[in-house]
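Given next are the chains, with one letter for each unit.
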Amino acid sequence: MNFGLSEEQNAIFDMAYAFGRENIAPHAREWELAGTIPKELWAEIGELGFGALYVSEESGGTGLGRLDATLVFEALSMACPSVAAFLSIHNMCAKMIDSYGDQEIRQRVLPGIIRMDTVLSYCLTEPGSGSDASALKTRAERTNEGYILNGAKAFISGGGYSDAYVAMVRTGGEGPKGISCMYIEDGAPGLSFGSMEDKMGWRSQPTAQVQFDDCKIPYENLIGLEGSGFTYAMAGLDGGRLNISACSLGAAQHAMNTTRDYMRERHAFGKSISQFQALQFRLADMETDLQASRVFLRQAAWKLDTGAGDAAKYCAMAKKFVTEAGSRIVNQCLQLHGGYGYLADYGIEKLVRDLRVHEILEGTNEIMRLIISRHLLAER
């Protein structure tokens, strides 16, 4: 069993890390204060092939596996987890279109998505349905010209900012089998947005409610089959859970690197604080959690890549374990910085705020425990 990365995988990580350090990290605080990410950045990311990481090569994508993709998100999160997580959402949507869309919609929309001329948002959560996603109320009614949508989606990263929205809507009866997946382009009649949310973290991501008021879209914007949207959404979330875990991992690694350097330079009581055994023990515990998280995440990604029967359980376990470990690590890093960790100039407090939401989205960690226990109890 080989736990090392291949030469190609190391090159993928190094390319993403170098891009993040040069093009994202220097601007992360500025973008957070502005509450937006310049659209020009996505075109540059698209040129690297990162706008279609696991879109098939036949469709013009990069065609990476899930393990390879986690390396990209880990590396970019060392520059800014908010930017990296937004890219993860775009890639999840792109994969759904490539996997389930018919030839017409793939040929029509994927070229712009791959270049990131078209930035995508994912719309599942509603004001009244979060963890109980199959209870969503947004409805799409068939007409002679296509579909008319009515309803609203909540907490949408890229709401009012993105160029298109991949939305789960109800075309049939109650429950998951009544849900379909649709592609709504910005500017569609009846599409509007709420005011920007004032969030704890991920502040560079514009986040708003997405509203459909007799919103008209053509038949051709149905992705896959009517009634299959919930299945598509859940399949997309397995990969999304790995990506958000990778974002926690990269941010925690950056916090660890920064804290280790700070401890060497900071002096108290006549010596550097790195020489105090109690603080050394804290570093040791954080490093152990960090490396355990990395191995667990990559095992789960390998299982998803190979189609293992227990992949969904492992994705849920990795998401729970890695995001909680990441939050603990960055919080401890803030503590080891003392008062300086509380200042924005040092960048640690931003990571504490950014990583907190990782335990909530892509399925709360309480839902992850539910998935894990159900799989465990079903095993013979």
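Since the structure is predicted, the reported quantities are computational estimates derived from the model, not experimental observations.

K.L.:
What am I meant to see in the overall build of the protein chain here?
P.N.:
When helices and strands are tallied, the protein chain shows 11 helices and 10 strands. Computed over C-alpha atoms, the radius of gyration of the protein chain comes to 21 Å, within 12% of the 21 Å expected from 2.2 N^0.38 for 380 residues, which places it in the range of a compact globule. With respect to the three principal axes, the spread of C-alpha positions in the protein chain is 80 × 50 × 40 Å. Here the protein chain, with 380 residues, has 52% of them falling under the buried criterion. Nonlocal contacts in the protein chain, meaning residues at least 24 apart in sequence, comprise 74% of its contacts between residues at least 6 apart.

K.L.:
Looking at this model, I keep getting lost on the environment of Phe-212. Mind explaining?
P.N.:
Inspection of the secondary structure puts Phe-212 in strand β7 (residues 207-218). Overall, Phe-212 belongs to the buried group, its relative accessible area being 1%. In the structure, Phe-212 is positioned 81 residues away from Ser-131 in sequence and 21 Å away in space, judged by C-alpha atoms. If sequence neighbours within four positions are ignored, Phe-212 has contacts with Thr-138, Leu-149, Asn-150, Gly-151, Lys-153, Ala-167, Ile-184, Gly-190 and Leu-191.

K.L.:
Any chance you could explain the nonpolar core here in plain terms?
P.N.:
In terms of nonpolar packing, the biggest core is built from 70 residues, with Ile-24 and Trp-42 touching the most fellow members. By size, the runner-up hydrophobic cluster in this structure holds 29 residues, among which are Ala-52, Val-55, Ile-105 and Met-168.

K.L.:
Which parts of the structure should I look at to understand a negative patch on the surface?
P.N.:
On the surface, a cluster of negative charge is made up of Glu-22, Glu-40, Glu-44 and Glu-47. At three residues, the largest contribution of residues to the negative patch is made by helix α3 (residues 39-47). Position of Glu-22 among the secondary structure elements: in helix α1 (residues 7-23). Taking the relative accessible area as the measure of exposure, Glu-22 reaches 60% and is therefore exposed.

K.L.:
How should I be thinking about the pattern of salt bridges in this particular structure?
P.N.:
Where charged atoms from two side chains of opposite charge come close, those side chains can pair. Taken as a whole and judged by the stated rule, the model has 22 salt bridges. Notably, a salt bridge pairs Glu-104 with Arg-108, separated by 2.7 Å at the nearest N-O pair. Here the residue Glu-104 and the residue Arg-108 both occupy positions in helix α6 (residues 103-115), the gap between them amounting to four residues, near one helical turn.

K.L.:
Sorry if this is basic, but what is going on with a nonpolar patch on the surface here?
P.N.:
Where nonpolar side chains cluster on the molecular surface, the patch consists of Tyr-340, Leu-343 and Tyr-346 and spans about 260 Å² of accessible area. Along the chain, the position of Tyr-346 falls in the loop between α9 (311-336) and α10 (348-356). Take Tyr-346: its relative accessible area is 35%, and that puts it in the partly exposed class.

K.L.:
What exactly am I supposed to notice about the pairing of strand β5 (residues 179-185) here?
P.N.:
Within a regular beta strand, the side chains point alternately toward one face of the sheet and then the other, so they alternate between its two faces. The element β5 is largely enclosed, with a buried count of six among its seven residues. Summarising the sheet, strand β4 (residues 164-170) and β5 pair through seven bridges and their orientation is antiparallel. Bridge pairing in β5 links Arg-170 to Ile-179. Pairing of β5 with strand β8 (residues 222-223), which is carried by two bridges, proceeds in the antiparallel orientation.

The rules we used
- Residues numbered from 1 in each chain as written.
- Predicted model: local features only at pLDDT ≥ 70, side-chain atom pairs only at ≥ 80, totals over all residues.
- Heavy atoms only, no water.
- Helix = DSSP H or I, 4+ residues; strand = E, 2+ residues; numbered from the N terminus.
- Rg over C-alpha atoms; globule rule 2.2 N^0.38 Å.
- Buried < 20%, exposed > 50% of the residue type's maximum accessible area, 1.4 Å probe, protein only.
- Contact = heavy atoms within 4.5 Å.
- Core = buried A, V, L, I, M, F, W, Y, C linked by side-chain atoms within 4.5 Å.
- Patch = residues over 30% accessible without salt bridge, like charges linked within 9 Å, V, L, I, M, F, W, Y side chains within 5 Å.
- Areas by Shrake-Rupley, 256 points an atom, 1.4 Å probe, with all protein chains shown as cover.
- Salt bridge = Lys/Arg side-chain N within 4 Å of Asp/Glu carboxyl O.
- Lys, Arg positive; Asp, Glu negative; His and termini not counted.
- Charge placed at Lys NZ, Arg CZ, Asp CG, Glu CD.
- Pairing = 2+ DSSP bridges.

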